[in-house]
Amino acid sequence: MAALNRVIRSAYYSPLTIRRLSDLVSDPASIRIASTANPNPNKSPCTRMTPPVSRDALGTRSVQWVFLGCPGVGKGTYASRLSNLIGVPHIATGDLVRDELASSGPLSKKLAEIVNKGQLVPDEVIIDLLSKRLEEGQTKGETGFILDGFPRTIRQAEILEGVTDIDMVINLKLREDALLAKCLGRRICQQCGGNFNIAAIDFKGEDGRPGICMPPLLPPPQCASKLITRSDDTEEVVKERLRVYHDQCKPVEDFYRARGKLLEFNLPGGIPESWPKLLRALHVEDLDNKQSAAA
Ligand SMILES: Nc1ncnc2c1ncn2[C@@H]1O[C@H](COP(=O)(O)OP(=O)(O)O)[C@@H](O)[C@H]1O
């Protein structure tokens, strides 16, 4: 992970090195960034996974997946569930930005202005935050990753592609009226950090668009009085974030589509309906749930 981290930084700060990053990636130290033992050995016996691509030369690498998708689509929810199931870290750049905002460090005021307008923070800031996160993970012996919210610009995608092999990019999709409703319904428990959603979505199919039904994900009683809303989840800011997504992040979908790495996944409904279908699409089997269902 140190090698990846070093290379991400050098790629950003020295554009000329990008063309030569393939040399760096062929350095065994880089290849081995995610090649040590499963960090969550208790999970592996219960989780059978068919990797969607062949393993690397060492045959031991953990998954390196990316989640793309509009604000509110559920990247965090599904990335975090998969991370628990597979035993690789879920790294959400939105969380890194919010941690920085909460820290009241020198960057926080500038970042708050950007985030609360629904804009993207500059590439160099996000690269820096991600590099620090990878460094911390490396000291803890983390291997593999599920990235959520990164890359979001072509420049970020080029840097990532230059330093490591992303196995698969999962592009979650949902109709736009549902995205807006989900962002506005999002609530976070300020005590336990749990994510909930009070929106009850039941949109009829029309003009060729399928209908969709997503029941609310209500908090348990102990969280109900401690719910907060993200400062960027207002209607005006969500609409701007959706506009920015179409403008700057859609090209990232094309970037990975052209490389044969994009898996499109239309969410068919709420978590109970979508989760098993997503696992099937990813060739991941959740034996824990299967066994408890059979019991
Ligand atoms: N890769 C990135 N590049 C630039 N800005 C980012 C990136 N990831 C997160 N951010 C900033 O953090 C905010 C929150 O991100 P996130 O939690 O992923 O929200 P969303 O619900 O819009 O997907 C974004 O609106 C943006 O300002």
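Residues numbered from 1 in each chain as written. Predicted model: local features only at pLDDT ≥ 70, side-chain atom pairs only at ≥ 80, totals over all residues. Heavy atoms only, no water.

- As recorded by an unreviewed UniProt entry, the protein carries the name adenylate kinase and is attributed to Rhynchospora pubera.
- Taken verbatim from the UniProt record of the protein, the Catalytic activity (unreviewed entry) comment is "AMP + ATP = 2 ADP".
- A UniProt comment under Sequence similarities (unreviewed entry) is attached to the protein, and it reads "Belongs to the adenylate kinase family." (UniProt positions renumbered as here; feature names shortened; annotations may be inferred.)

### So, helix α9 (residues 176–185)
Okay, so step 1: Here α9 has its buried residues at Ala-178, Leu-179, Leu-180, Lys-182, Cys-183 and Gly-185.
Okay, so step 2: The inward-facing, buried residues of α9 contact β6 (186–189), β7 (195–197), β8 (201–203), β9 (212–214) and α11 (235–258). (Buried < 20%, exposed > 50% of the residue type's maximum accessible area, 1.4 Å probe, protein only. Helix = DSSP H or I, 4+ residues; strand = E, 2+ residues; numbered from the N terminus. Contact = heavy atoms within 4.5 Å.)

### Things to note about the site of the ligand
Okay, so step 1: Near the ligand there are 19 residues, and of these Lys-75, Gln-119, Gly-149, Arg-152 and Arg-241 occur at the shortest range.
Okay, so step 2: A distance of 2.6 Å is found between an oxygen atom of the ligand and a backbone nitrogen or oxygen belonging to Gln-119.
Okay, so step 3: For the ligand, whose accessible area on its own is 550 Å², the fraction buried by protein is 96%.
Okay, so step 4: Sort the elements by how many residues they give to the shell around the ligand and helix α5 (residues 93–102) lands first, with four residues.
Okay, so step 5: Looking at side-chain class alone, the shell around the ligand contains seven nonpolar, six polar and six charged residues. (Near = heavy atom within 4 Å. Polar contact = N/O pair within 3.5 Å; in protein donor to acceptor, adjacent residues only side chain to side chain. Areas by Shrake-Rupley, 256 points an atom, 1.4 Å probe, with all protein chains shown as cover. Nonpolar A, V, L, I, M, F, W, Y, C, P; charged D, E, K, R; others polar.)

### Concerning the side chain of Asp-232
Okay, so step 1: Mapped onto the elements of the fold, Asp-232 is located in the loop between β10 (227–228) and α11.
Okay, so step 2: Residue classification places Asp-232 among the buried positions, given a relative accessible area of 6%.
Okay, so step 3: At a separation of 2.9 Å, a polar atom in the side chain of Asp-232 contacts the side chain of Arg-230.
Okay, so step 4: Asp-232 has contacts with Val-115, Asn-116, Val-237, Val-238 and Arg-241, leaving out every residue within four places of it along the chain.

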